[in-house]
Amino acid sequence: MSSEDIRTVPKSSELIALEQKGYIIGKKIGQGSYAIVRKAEFIDKTTSRVMKLACKIFDKENAPEDFLHKFFPRELEILTKIDNPHLVQVHSILQRGPRVFIFMRYADNGDLLDHIKRAGPVAESNARTWFSQMLAGLEYLHSKNIAHRDLKCENILMTKRFNVKIADFGFARYCVDKEGRRVLSRTYCGSAAYAAPEVISGNPYNPKLADIWSLGVITFIMLNAAMPFDDSNLKQLFKEQTSNILSHQVKVKDILSHQVKNLVGQILEPDITKRIRLDAIKAHDWLRYKSMVRRKVLPGQKLVHSNLSVKQTPKTAFTARERHPLA
């Protein structure tokens, strides 16, 4: 067992205390920079109903100072303020000593990246539905002046009925100060593959516009089962992003509609003054079907095999203390 696992395995006393509240901790199912995610169950003692949950466990004694005093308090505050069907629902937040247990609804069908690796490109009709659901969740966050700042396929979770929900608010932050004035982000966090060019360039940026870019990257990956840009080198990544040329995979580009290609191109616009805004996205021809947000969907049809390149991104390509100006 790794040192990270040891730090976040609940102690016997913690397990007993959690069980008294109805929570049963299970096996590890994921890991982030400063937390472990485990399966869990909540047993309602009055009805005996069992609810499947995921539990994100933080050990505050082993987290860096900037995380403890900046990112973690923000995440906890934001989690208690959001309530939307297109965001992962928090069941409860408990603390015992230095450990914090965040219980969330369990995603029965894993995350979007796992689905794409398993099934290949998502059929455009399903992609439209999932895009609409992500858009609704993002619009809700932005209406609350909250930016996610780490949108990626791994943070899009799939429910039992194959609807999608935005998860992981570890880098989320408010976009206005106490006086209601807009605040630019100066922390370069998230995953490089999904980061907007203004983030890669190392300048203060509007996090809402950066979220829109990330949504475009997710959409491209859904449709192509491949990344839109090569993120192995930041300088090359920035060059590809700012060239404003997108090339859809040969095996799918002829079956994708002009409307979706147009929308993705407007989202992945490197010039922030020209990048499409949420209101315009909602009014785009590709989203003319109003029923898409609530409609039940099934897994996308497998169009190609795993020869297309889609990969897991690291939890943090940037950290709170790193800047990535181009050399």
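Before going into details, it helps to say that this report is about the structure given with it.

Conventions adopted
Residues numbered from 1 in each chain as written. Predicted model: local features only at pLDDT ≥ 70, side-chain atom pairs only at ≥ 80, totals over all residues. Heavy atoms only, no water. Pairing = 2+ DSSP bridges. Helix = DSSP H or I, 4+ residues; strand = E, 2+ residues; numbered from the N terminus. Axes fitted to C-alpha atoms, helices over the stretch in contact; angles between N-to-C directions. Contact = heavy atoms within 4.5 Å. 1 Å grid on protein atoms, 1.4 Å probe; cavity = no way out; pocket = protein on both sides within 12 Å on 5 of 7 lines; lining within 4 Å. Points joined across faces, edges and corners; volume = space filled by probe spheres on them. Nonpolar A, V, L, I, M, F, W, Y, C, P; charged D, E, K, R; others polar. Domains from an automatic or database assignment. Buried < 20%, exposed > 50% of the residue type's maximum accessible area, 1.4 Å probe, protein only.

Regarding the sheet that holds strand E1 (residues 23–31)
Part 1 of the argument: If you walk across this open sheet you meet the 5 strands as E1-E2-E3-E5-E4, and the pairing is antiparallel. Each edge of the open sheet carries a strand with a single partner, namely E1 and strand E4 (90–96). Sheet twist, expressed as the mean angle between neighbouring strand axes with direction ignored, is 25°.
Part 2 of the argument: Note: strand E2 (residues 35–43) against strand E3 (residues 50–59), 9 bridges, orientation antiparallel. Bridge assignment links Glu-41 to a residue of E3, and that residue is Lys-52.
Part 3 of the argument: On the sheet, helix H2 (residues 12–20) packs against E1, E4 and strand E5 (99–105) and is oriented at approximately 120° with respect to E1.

A short note on empty space enclosed by the protein
Part 1 of the argument: The final tally for this structure, using the stated rule, is 2 cavities of 30 Å³ or more.
Part 2 of the argument: Volume-wise, the largest cavity comes out at about 130 Å³.
Part 3 of the argument: Around the largest cavity, the lining is made up of 14 residues, and of these Arg-149, Asp-150, Cys-189, Ala-195 and Ser-214 lie nearest the centre.
Part 4 of the argument: At 3 residues, helix H7 (residues 207–224) tops the list of elements feeding residues into the lining of the largest cavity.
Part 5 of the argument: Its residues assigned to classes, the lining of the largest cavity shows 8 nonpolar, 3 polar and 3 charged.

Quick look at the layout of surface pockets
Part 1 of the argument: The calculated volume of the second largest pocket comes to roughly 300 Å³.
Part 2 of the argument: Looking at the second largest pocket, it is lined by 14 residues, and the ones nearest its centre are Arg-105, Tyr-106, Asp-108, Thr-159 and Lys-165.
Part 3 of the argument: Examining the composition of the lining of the second largest pocket, we find that 3 residues originate from one element, E3, more than from any other.
Part 4 of the argument: Classifying every residue of the lining of the second largest pocket by side-chain character gives 7 nonpolar, 2 polar and 5 charged.
Part 5 of the argument: Composition of the lining of the second largest pocket by domain shows at least three residues from each of domain 1 (3–105) and domain 2 (110–287).

A few points about the pairing of E3
Part 1 of the argument: E3 sits mainly inside the fold: 8 of its 10 residues count as buried.
Part 2 of the argument: Between E2 and E3, which pair antiparallel in sequence order, lie 6 residues; one of them, Ser-48, sits at a positive phi of approximately 65°.

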